[in-house]
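Spelled out, the chains give:
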Amino acid sequence: MPKRAMQLWLMKSEPDVYSIDDLERDGSECWEGVRNYQARNFMREMAEGDLAIFYHSNTKPPGAAGVCRICRKAYPDPTQFDRKSQYYDPKSKKEDPRWSMVDVEFVEKFAAPISLQALKDAPALEGMRVTQKGSRLSVQPVDKAHFKRVLKMAGAKTKLR
DNA sequence: GCCAACGTTGGC
DNA sequence: GCCAACGTTGGC
């Protein structure tokens, strides 16, 4: 009966490509195109019901924009087999797909995004991966205390138990 | 647009 | 297995 504890994540997306507003409009979306092994491995650890901070990268300012929930666990990313896709990977084999993706659903958009600078300036968030210099990882785990703090900073409706 | 910080590739 | 060259990410 003991269930796996909920795990918490942060997922980066460039808002020009896909933003929290796009997710709010769509309700849910597949998280395609991750082509980094470490990020892929974290996605494979995700379970339905896990929550993730939706982070806007490569924009100004970058920062935490909202919350989403994992609604489908990892399965093969079809774009790796699509020759026309920018994510096509000629080395990936159908019988042993190299890349996975999960589906996420919209939970909430923060009233105002919490900028990366604000995250870095918060002493309680010390050690959070995304605040560390040169952190490029697009999918990363987040400590519960850090996740809660970000929710608090954002005045979020989402609460963790 | 620059460039630091990686990750990947391929020659050896 | 090493490592130089190259490509990508993403803040600034």
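Novice: When you look at the protein's contact with DNA strand C in this model, what are you seeing that I'm missing?
Specialist: Close to DNA strand C lie Lys12, Tyr55, Ser57, Asn58, Pro62, Leu116, Lys120, Arg136 and Ser138, which account for all nearby residues. If you look at DNA strand C and keep only atoms within 4 Å of the protein, 75% of those are sugar or phosphate atoms. The separation between a phosphate oxygen of DNA strand C and a polar main-chain atom of Arg136 is 2.5 Å. Across the surface near DNA strand C, the residue classes tally to 3 nonpolar, 3 polar and 3 charged.

Novice: Please clarify how the protein's contact with DNA strand B should be interpreted in this entry.
Specialist: Around DNA strand B lies a shell formed by Asn36, Tyr37, Gln38, Lys91, Lys133, Gly134 and Arg136. The share of sugar and phosphate among atoms of DNA strand B within 4 Å of the protein is 69%. Within the side chain of Lys91, one N or O atom sits 3.4 Å away from a phosphate oxygen of DNA strand B. At 2.7 Å, a side-chain N or O of Arg136 approaches a base oxygen of DNA strand B. In the surface near DNA strand B, the residues fall into 1 nonpolar, 3 polar and 3 charged.

Novice: How should I be thinking about unusual backbone geometry in this particular structure?
Specialist: Trans peptide bonds make up most of the peptide bonds, and negative phi angles are found at most residues other than glycine. Residue Pro61 follows Lys60 across a cis peptide bond; omega there is -10°. For Pro61, the position within the fold is in the loop between β3 (51-56) and β4 (63-76). In this structure, Asn58 is a non-glycine residue whose phi angle is positive, near 55°. Judged by its relative accessible area of 61%, Asn58 falls in the exposed class.

Novice: Sorry if this is basic, but what is going on with helix α2 (residues 37-45) here?
Specialist: Because an α-helix packs 3.6 residues into every turn, residues spaced three or four apart end up facing the same way. Looking at α2, one finds that the buried residues are Ala39, Arg40, Phe42 and Met43. Buried residues of α2, viewed axially, fall in a sector of 160°; they line one side. Contact partners of the buried residues in α2: β1 (8-13), β4, β5 (100-115) and β6 (139-141). Capping the start of α2 is the job of one residue whose side-chain oxygen sits 3.0 Å from the backbone nitrogen of Gln38: Asn36.

Novice: When you look at the packing of aromatic side chains in this model, what are you seeing that I'm missing?
Specialist: Any aromatic ring pair is given by two values, namely how distant the centres are and how the planes are angled relative to each other. Enumeration according to the criterion identifies 3 aromatic pairs in this entry. Their ring planes at 75° and their centres at 5.5 Å tell us that Trp31 and Phe54 sit as a pair that is edge-to-face. Taken together, the residues Trp31 in the loop between β2 (28-30) and α2 and Phe54 in strand β3 connect sequence positions 23 residues apart.

Novice: Quick question: what am I supposed to make of the layout of surface pockets here?
Specialist: If you roll a probe as big as a water molecule over the atoms, it shows you where there is empty space left. Put simply, the largest pocket is a space of about 630 Å³. Lining of the largest pocket is provided by 20 residues; of these, Lys12, Trp31, Glu32, Gly33 and Tyr87 occupy positions nearest its centre. For the lining of the largest pocket, the secondary structure elements donating two or more residues are β1 and β2. Quantified by volume, the second largest pocket comes out at close to 150 Å³. Around the second largest pocket sit Lys3, Arg4, Ala5, Met6, Ala47, Glu48, Gly49 and Asp50, which together line it. By residue class, the composition of the lining of the second largest pocket is 3 nonpolar, 1 polar and 4 charged.

Rules used in this analysis
- Residues numbered from 1 in each chain as written.
- Chains lettered and ligands numbered in written order.
- Predicted model: local features only at pLDDT ≥ 70, side-chain atom pairs only at ≥ 80, totals over all residues.
- Heavy atoms only, no water.
- Near = heavy atom within 4 Å.
- Polar contact = N/O pair within 3.5 Å; in protein donor to acceptor, adjacent residues only side chain to side chain.
- Nonpolar A, V, L, I, M, F, W, Y, C, P; charged D, E, K, R; others polar.
- Helix = DSSP H or I, 4+ residues; strand = E, 2+ residues; numbered from the N terminus.
- Buried < 20%, exposed > 50% of the residue type's maximum accessible area, 1.4 Å probe, protein only.
- Arc of directions from axis to C-beta.
- Contact = heavy atoms within 4.5 Å.
- Phe/Tyr/Trp six-rings, centres within 6.5 Å; stacked < 30°, edge-to-face > 60°.
- 1 Å grid on protein atoms, 1.4 Å probe; cavity = no way out; pocket = protein on both sides within 12 Å on 5 of 7 lines; lining within 4 Å.
- Points joined across faces, edges and corners; volume = space filled by probe spheres on them.

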